[in-house]
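Single-letter residue listing:
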Amino acid sequence: PEFMRIPGEQFSFESIPKVIDAHDALPDSMIQIFGWISFIEACSIPALANMNEYDRRPGDFSFDPLGLYPTTEEKQKEMQLAELKNGRLAMIAIGGMITGTAITGNGFPYLP
C-alpha cells in the first residue's frame, strides 16, 4: 500500500493497485502534470532573459531567507559541489526505486 493518494475513484487502490501503472492508466493526469511543470518553467523565463544585464550566476535567484549561503568564495564552491553531489545521488536513488518497482512488480516498501 502507498502512503498518499489523491482523492477520487480513478485514483483509488482498486483502480490502480500499483503506482508504476498510473503513468499509462491516467493519460489526462499526465497532461495536467506536464502543463503545470511547463507553467512553472515559463515563470522563470524573465530571470533567464535578464541574466546578461545583471551580475548573477545561473540559478542564483538571491533567495536565502535563513542566511545559510556562505560569504567566502571557498565555502560557496564547497556548498555548490555538495549540492551538485546530493542532486546526483537523489537522481540515482529515484532511478533505483523505479527500477526496483518495475522489475519486481511490488510497490512501496519494495518488498515481496
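None of the values given here were measured: they were computed from a predicted structure.

### Details of the overall build of the chain
Here is step 1 of the chain: Per the secondary structure count, the chain includes four helices and zero strands.
Here is step 2 of the chain: Shown N-terminal to C-terminal, the secondary structure of the chain runs as helices and strands in the order α-α-α-α.
Here is step 3 of the chain: Classification of the 112 residues of the chain by burial places 8% in the buried group.
Here is step 4 of the chain: Taking as baseline every contact in the chain between residues at least 6 positions apart, the subset at least 24 positions apart corresponds to 17%.
Here is step 5 of the chain: Entry remark: accessible area of the chain is about 9700 Å², with carbon and sulfur atoms responsible for 66%.

### Considerations on the packing of aromatic side chains
Here is step 1 of the chain: Counted by the stated rule, this structure contains one aromatic pair.
Here is step 2 of the chain: When the ring of Trp36 is compared with that of Phe39, the centres are 6.0 Å apart and the planes differ by 90°; the resulting orientation is edge-to-face. With Trp36 and Phe39 both in helix H2 (residues 27-43) and three residues apart, this pair spans about one turn of that helix.
Here is step 3 of the chain: Take Trp36: its relative accessible area is 53%, and that puts it in the exposed class.

### So, a nonpolar patch on the surface
Here is step 1 of the chain: A cluster of nonpolar residues, Ile20, Ile94, Met97 and Ile98, forms a patch on the protein surface that exposes about 330 Å² of accessible area.
Here is step 2 of the chain: Following the sequence through the fold, Met97 ends up in helix H4 (residues 73-104).

### Observations concerning H4
Here is step 1 of the chain: The end-to-end C-alpha separation of H4 is 47 Å, in line with the 46 Å expected for 32 residues at 1.5 Å each.
Here is step 2 of the chain: Residue Gly105 follows H4 closely and has a positive phi angle near 80°.

### Remarks on the environment of Ala102
Here is step 1 of the chain: Assignment of secondary structure puts Ala102 in helix H4.
Here is step 2 of the chain: As for Ala102 and Ile20, which are separated by 82 residues in sequence, their C-alpha atoms are 7.0 Å apart.

### Examining the confidence of the model for the chain
Here is step 1 of the chain: With 79% of its residues at a pLDDT of at least 70, the chain reaches an overall mean of 80.
Here is step 2 of the chain: Across the chain, element-level confidence peaks in H4 with a mean pLDDT of 90 and bottoms out in helix H3 (residues 45-49) with 71.

Analysis parameters
Residues numbered from 1 in each chain as written. Predicted model: local features only at pLDDT ≥ 70, side-chain atom pairs only at ≥ 80, totals over all residues. Heavy atoms only, no water. Helix = DSSP H or I, 4+ residues; strand = E, 2+ residues; numbered from the N terminus. Buried < 20%, exposed > 50% of the residue type's maximum accessible area, 1.4 Å probe, protein only. Contact = heavy atoms within 4.5 Å. Areas by Shrake-Rupley, 256 points an atom, 1.4 Å probe, with all protein chains shown as cover. Phe/Tyr/Trp six-rings, centres within 6.5 Å; stacked < 30°, edge-to-face > 60°. Patch = residues over 30% accessible without salt bridge, like charges linked within 9 Å, V, L, I, M, F, W, Y side chains within 5 Å. Salt bridge = Lys/Arg side-chain N within 4 Å of Asp/Glu carboxyl O. Expected span 1.5 Å × (residues − 1). pLDDT = per-residue confidence, 0-100.

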